[in-house]
Structure formats: C-alpha cells, structure tokens
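Overview (structure and organization)
Here's the letter readout for the chains.
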Amino acid sequence: MQRGSRKALKGIMGHGCQEQLLETTDSHLWSTEPSGHGQAVSWPPVEASFEKTLEQCSVCAKPIMERILRATGKTYHPHCFTCVVCQRSLDGVPFTVDTGGNIYCIEDFHRQFAPRCSVCKEPIMPAQGQEETVRIVALDRDFHVQCYRCEDCGGLLSEGDNQGCYPLDGHVLCKTCNSARIQALTAKATTDL
Ligand SMILES: [Zn+2]
Ligand SMILES: [Zn+2]
Ligand SMILES: [Zn+2]
Ligand SMILES: [Zn+2]
C-alpha cells in the first residue's frame, strides 16, 4: 500500500521555481533643494543638461527627481516599483522576481507559483506569519493537510485513527473505505459469475 508522504517545504524552495528574496536599496542622490511646487525658477538649476544626468524610471520612463529606488539592476520611482498583481508599492518591502523579471510581493508570488491543492485548487502556501508550508503529496497530487481526506467518508487522512491513504483507482480513500470498496467489487464480481 502506498501511503501519502508529508513534505515540509521551506517556503516554496525546491519546487522548480526560483525564488529570490531581494531587498530594495534606496539612494538619496538628489537631496532636494526646497523645490516647493512649480517653482521651476530656482530648480532644477540648469534644466536641459541636468535632466540628462537624471536616471530614468524603468516603469514610467520619466526622470527620477527625488529618491531613486534601485532594484534588479534597474532604477524606479519608489511609487512606480509595484507588485504586478496587487499594484502596491514595494518600496522597502521584501519582494521577489519571477524568471520573466516581473516583480511580486511575497504573498502574490506564493499565490501565483505555489503548488495547487488538487482538491480545492487553492495554492498551498505558508499560513500568515509562518515560514513553512506543509503540503501532502500523494498519488502525484498535492493536498492541503485539511483537504487530504477520504473521498468516501471525508475523514482526515493525515491524522487520527484512520491515518494513511489507501488509494484505489486514483481515489484517495481511508483504510476502511478502501476495503469496503474492494469488498463491494469482489461481491459484484462474484455475483456476476
Ligand atoms: Zn516612475
Ligand atoms: Zn502583490
Ligand atoms: Zn485544498
Ligand atoms: Zn473513508
């Protein structure tokens, strides 16, 4: 009998996707002279040449006048450096980048790339404030602990008396329901004779 195995994942490392935790670095290159609003008279001092030396934001392509946020080898306005999913600014917040260079907050990254539970189809990711995800792998499928239940009686297979998975024809069953099904099949086979 094949039993389900419990796999604890550190985050989602080792699951085929690259996770890099990166910190943003701020640089306060341009200590703004009291620029006020719309006082182009005093600032920037030499408009044309000054604008050329300004770094451009890699999102909006506008020059960065104040604080430059550097991340993934590019420069951003702090408010332009956002998660591609929830659009919130990741200025000073841990973020991660997928292979296509898209930037995600950690939560959305997990939601996007975490393995999906084969029962509820939701991503299997760490609970709030926790580092570790517990995922059950059985029959080459992934399960939440709470979704890993016998298909017939609904009993949890990861704990309790009925522990362990006794699969039959790709169905996830507890021991009792597995033998009940086998008995039913045998009985049918006998009566068919
Ligand atoms: Zn920008
Ligand atoms: Zn997000
Ligand atoms: Zn689930
Ligand atoms: Zn059962």
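Residues numbered from 1 in each chain as written. Chains lettered and ligands numbered in written order. Predicted model: local features only at pLDDT ≥ 70, side-chain atom pairs only at ≥ 80, totals over all residues.

1. Let's talk about the overall build of the chain
For the chain, the count of helices and strands is three helices and eight strands. Along the chain, helices (α) and strands (β) appear in the sequence β-β-α-β-β-β-β-α-β-β-α when read from the amino end. Residue burial in the chain is summarised as follows: out of 193 residues, 22% are buried. In the chain, 37% of the contacts between residues at least 6 apart in sequence involve partners at least 24 apart. (Helix = DSSP H or I, 4+ residues; strand = E, 2+ residues; numbered from the N terminus. Buried ≥ 20, exposed ≤ 12 C-beta atoms within 10 Å, placed from the backbone. Contact = placed C-beta atoms within 7 Å.)

2. Remarks on the pairing of strand E7 (residues 132–138)
Regular strands place side chains that alternate from one sheet face to the opposite one. Both E7 and strand E8 (residues 141–144) contribute to a ladder of four bridges, which runs antiparallel. Opposite Ile 136, over in E8, you have Phe 143 as the bridge partner. (Pairing = 2+ DSSP bridges.)

3. Describing the nonpolar core
Cys 150, Leu 157, Val 172, Leu 173 and Cys 174 are the most contacted members of the largest nonpolar core, which has 16 residues in total. Ile 64, Leu 90, Ile 103 and Cys 105 belong to the second largest nonpolar core, which has twelve residues in total. (Core = buried A, V, L, I, M, F, W, Y, C linked by C-beta atoms within 7 Å.)

4. Section: the environment of Glu 151
With respect to the helices, strands and loops of the structure, Glu 151 is situated in the loop between E8 and helix H3 (175–192). Given 16 C-beta atoms within a 10 Å radius, Glu 151 is considered partly exposed. Setting aside anything within four residues of it in sequence, one finds Glu 151 in contact with His 171, Val 172 and Leu 173.

5. Details of the confidence of the model for the chain
Of the residues in the chain, 70% have a pLDDT of 70 or more, and the chain-wide mean is 77. The low-confidence segment residues 1–48 (pLDDT under 50) makes 67 contacts with residues lying over four places distant or belonging to another chain. (pLDDT = per-residue confidence, 0-100.)

6. Some points on unusual backbone geometry
Outside of glycine, negative phi angles account for most residues, and trans bonds account for most peptide bonds. For Lys 121, which is not glycine, the phi torsion reads 65 degrees and is therefore positive. In this structure, Lys 121 sits in the loop between helix H2 (106–113) and E7. Residue Lys 121 is classed as exposed on the basis of its C-beta count, with 8 C-beta atoms lying within 10 Å. For Asp 169, which is not a glycine, the phi torsion comes out positive at approximately 50 degrees. Following the sequence through the fold, Asp 169 ends up in the loop between E8 and H3. On the basis of neighbour count, Asp 169 is assigned to the exposed category, with 7 C-beta atoms found within 10 Å.

7. A look at the pairing of strand E3 (residues 68–71)
Inspection of the sheet shows E3 paired to strand E4 (residues 74–76) by three bridges, in the antiparallel sense. From the neighbouring strand, Arg 70 faces E4, where its bridge partner is Thr 75. Counted along the chain from E3 to the antiparallel partner E4, the turn is two residues long, and its residue Thr 72 has a positive phi close to 50 degrees.

8. Concerning the environment of Leu 157
Relative to the assigned elements, Leu 157 resides in the loop between E8 and H3. Spatially, the C-alpha atom of Leu 157 lies 8.8 Å from that of Gln 146, the residues being eleven residues apart in sequence.

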